[in-house]
Number of protein chains: 2
Amino acid sequence: MPTDHPACSIERTLEVVGERWTFLILRELFGGTHRFADLRAKLGIAPNLLSTRLKTLTAAGLVEQHSYQEPGSRTRESYHLTATGRQLRLVLAALQQWGDENRPRPSGPTCVRRSRRTNRPVRVALLDSAGREVALDDLDFVRTDQASISTVSWGRRVR
Amino acid sequence: MPTDHPACSIERTLEVVGERWTFLILRELFGGTHRFADLRAKLGIAPNLLSTRLKTLTAAGLVEQHSYQEPGSRTRESYHLTATGRQLRLVLAALQQWGDENRPRPSGPTCVRRSRRTNRPVRVALLDSAGREVALDDLDFVRTDQASISTVSWGRRVR
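In every chain, residue numbers begin from 1 and rise along the written sequence. Working convention: letters from A go to chains and numbers from 1 go to ligands, in the order in which they are written. Restriction of local features to residues with pLDDT of at least 70 applies here, the model being predicted, together with a cutoff of 80 or more for giving and counting side-chain atom pairs; totals for whole chains, interfaces and linings are based on all residues. Based on all heavy atoms of the structure, the side-chain values leave hydrogens and waters out of the count.

> Describe the pattern of salt bridges, naming the residues involved and giving the relevant values.
Salt bridge, as used here, is a side-chain nitrogen of Lys or Arg placed within 4 Å of a carboxyl oxygen of Asp or Glu. A full pass over the atoms with the stated rule returns 18 salt bridges over all chains. Ionic pairing is found between R123(A) and E133(A), a salt bridge with its closest N-O pair at 2.9 Å. Of this pair, R123(A) sits in strand β4 (residues 122-128) while E133(A) is found in strand β5 (residues 133-134), placing the two residues 10 residues apart along the sequence. A salt bridge links D100(B) to R113(B), with the nearest nitrogen and oxygen atoms 3.3 Å apart. Highlighted residues: D100(B) in helix α6 (residues 89-102) and R113(B) in strand β3 (residues 111-115), separated in sequence by 13 residues. Here's how the labels work: a residue is buried when its accessible area is under 20% of the maximum for its type, exposed when over 50%, partly exposed in between, all with a 1.4 Å probe on protein chains only. Exposure remark for R113(B): the relative accessible area of 10% places this residue in the buried category. Within the structure, one salt-bridge network assembled from shared partners comprises E11(A), R20(B), R27(B) and E28(B). Helix and strand definitions follow DSSP, with helices as H or I runs of at least four residues and strands as E runs of at least two, each counted in order from the N terminus.

> Residue-level account of the interface of chain A and chain B, with values.
Between two residues, a contact is recorded if the distance between any of their heavy atoms is within 4.5 Å. Chain A puts 94 residues into the contact, and the matching count from chain B is 94 residues. Summed over both partners, the accessible surface that disappears when two parts come together, traced with a 1.4 Å probe, is what is meant by buried area. Buried area between chain A and chain B, both sides added, is near 9300 Å², and the carbon and sulfur share of it is 60%. Here chain A is connected to chain B by eight salt bridges. As a salt-bridge pair, R20(A) and E11(B) come within 3.7 Å of each other at their nearest N and O atoms. Take the side of chain A that touches chain B: its biggest share by element is 14 residues, from helix α6 (residues 89-102) of chain A. Any residue that is not Ala, Val, Leu, Ile, Met, Phe, Trp, Tyr, Cys, Pro, Asp, Glu, Lys or Arg is counted as polar, Gly included; the first ten are nonpolar and the last four charged. Partitioning the side of chain A that touches chain B into residue classes produces 41 nonpolar, 24 polar and 29 charged.

Put into structure tokens, the structure is as follows:
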């Protein structure tokens, strides 16, 4: 990571994914849509925007291109999440859960989170180093010595 | 929630917070910065953009305005997270954790997540309905009957 990138991890993440379309493209890639034309049709996104966003995600190592060819057609590219990109599944799940809880629809969610292995419902939560669940209002963001602005906890001042 | 909003919870969330500046404004509000001039100075954001983003967050019920007055000055507004806005702490923590792991800096993170109560490190994770941790690659997004496109699991097709 070059030194001219922001010190804050949230900000470095948003350099790559901080934009509405990007999260929706990631949602479609997770959902098994990999071809440019299909992504464009499912999202209703302008081709130039889709192309720009895919280039940013590819340059950052979240997406990789594969070539494919259908009979009678030229070779085309499809887009796939890398291991790094797949780690964003937790962020997408957290966004989805917040939407379920804070912007619900009368007819209920279109999509639920489950364990493949056990089929049990799954939620995003906080765990401490002993594996115990931590309540959301018990979470503190504590600045380290690496923080240039201040070494005090800024979480404590949250209302 | 009006019926013309998108069916997908991720998309409904991004209607309010799907933009780089918005997450950074939320970060500052969590960190105890509440005045327009302070937000503007800390973020280096153009005043018209900051004003627009704060209006969107206020209209969606994530932020509320309080009036304050300093000696010799006119009454001004400060901006504070509502209970709904504070729920986004989990999304910010997930963004931060992804940045720590996938876009690290040589000097380490500027901010770590801890429990206020126990001071133990805290991470964002997945829990099933029995309180057991679920591995990230065991997470499936399963479409419900409310999904208009298809009732098949789209998680299963993830590579």
